[in-house]
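Structure assessment
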Amino acid sequence: MPGGRLTQQERRQIELGLADGLAYAEIARRLDRPTSTVTREVMRNGGHAYRADLAHRATEHRAHRRKRPAPAGSRTPPQPHGRDADAVRAYEEVFATVFMQSGLPKMTARVLAALYMTDRGTLTAAELAERLGISTASVSKAIAFLESQGLVRRERDEGRRERYVVDDDVLYQSTMASARATAHLGEVARQGVGVLGQGTPAAARLENIARFIDFVSESIARAADQAREVLHTKPESPAP
């Protein structure tokens with residue numbers, strides 16, 4: 001049975017195996033590796049959103065970071081609740097990688113992952129810069145993009161410092177914004193029906209697109225409203 005680190009070719013085989021719906025044990029058998037090796041590799045690098053190239057780069061990056069001193073000004077924050085600092089740091093990298101796979105730039109993904117992994121769900125620019133070992137200018141650029149997408153919001157604390165916040169309502173508002181953007185695509189598609197001529201093949205295609213998008217966007221908005229009501233409404237206190 002081979003030992004040592006997984007090769008890039010083995011990671012590609014893992015990605016293909018996941019795409020084919022194979023169990024971790026079967027993928028491991030084909031690689032002649034322990035099942036635990038495959039499980040750990042996948043869970044550390046995006047779960048079923050696993051991508052071989054991203055996983056290989058992330059592993060190389062982690063190895064490189066272990067060989068060099070931490071950047072000046074950066075540190076691993078103290079971990080509350082008895083958490084394992086190494087496990088938290090590794091998971092934060094996985095979380096950021098998943099955001100990258102969904103299309104976010106690397107620095108933006110790291111900032112969003114860091115915010116979601118704080119117990120308070122809020123950090124200042126200085127706290128983010130220290131936590132990630134980056135400049136406050138980089139933080140500001142990432143936050144501007146996240147705010148434009150409805151993924152974070154700003155607020156002022158008692159000391160008038162600007163804080164960046166992720167919470168249940170931010171996630172709801174972001175989902176609703178996505179539903180509205182999707183619905184707009186349907187509206188534009190339906191405009192093309194009149195331009196191309198009712199009853200023509202091209203117009204029929206655009207009408208089908210519009211109907212599909214109408215259904216999807218309405219379903220997203222309805223599901224978000226239901227989830228917000230069920231999951232985030234505090235139960236009423238019992239009458240005394």
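How each quantity is defined
Residues numbered from 1 in each chain as written. Predicted model: local features only at pLDDT ≥ 70, side-chain atom pairs only at ≥ 80, totals over all residues. Heavy atoms only, no water. Pairing = 2+ DSSP bridges. Helix = DSSP H or I, 4+ residues; strand = E, 2+ residues; numbered from the N terminus. Axes fitted to C-alpha atoms, helices over the stretch in contact; angles between N-to-C directions. Contact = heavy atoms within 4.5 Å. Buried < 20%, exposed > 50% of the residue type's maximum accessible area, 1.4 Å probe, protein only.

1. Notes on the sheet that holds strand S2 (residues 153-156)
- Spatial strand order, S1-S3-S2: three strands in an open sheet with antiparallel pairing. Sheet topology places strand S1 (122-124) and S2 at the edges, where each strand pairs with a single neighbour. If you compare each strand with its neighbour and ignore which way they point, the axes differ by 35 degrees on average.
- Across three bridges, S1 lies against strand S3 (residues 162-165) in antiparallel orientation. Note on S3: the bridge partner recorded for leucine 123 is tyrosine 164.
- Its contacts with the sheet put helix H7 (residues 125-132) on S1 and S3, and the angle it makes with S1 is roughly 90 degrees.

2. A closer look at unusual backbone geometry
- At aspartate 32, a residue that is not glycine, the phi angle is positive and equals roughly 60 degrees.
- Of note, aspartate 32 is situated in the loop between helix H2 (24-31) and helix H3 (35-44).
- Note on aspartate 32: relative accessible area 39%, which makes it partly exposed.

The quantities given are spatial measurements derived from coordinates; they are silent on function.
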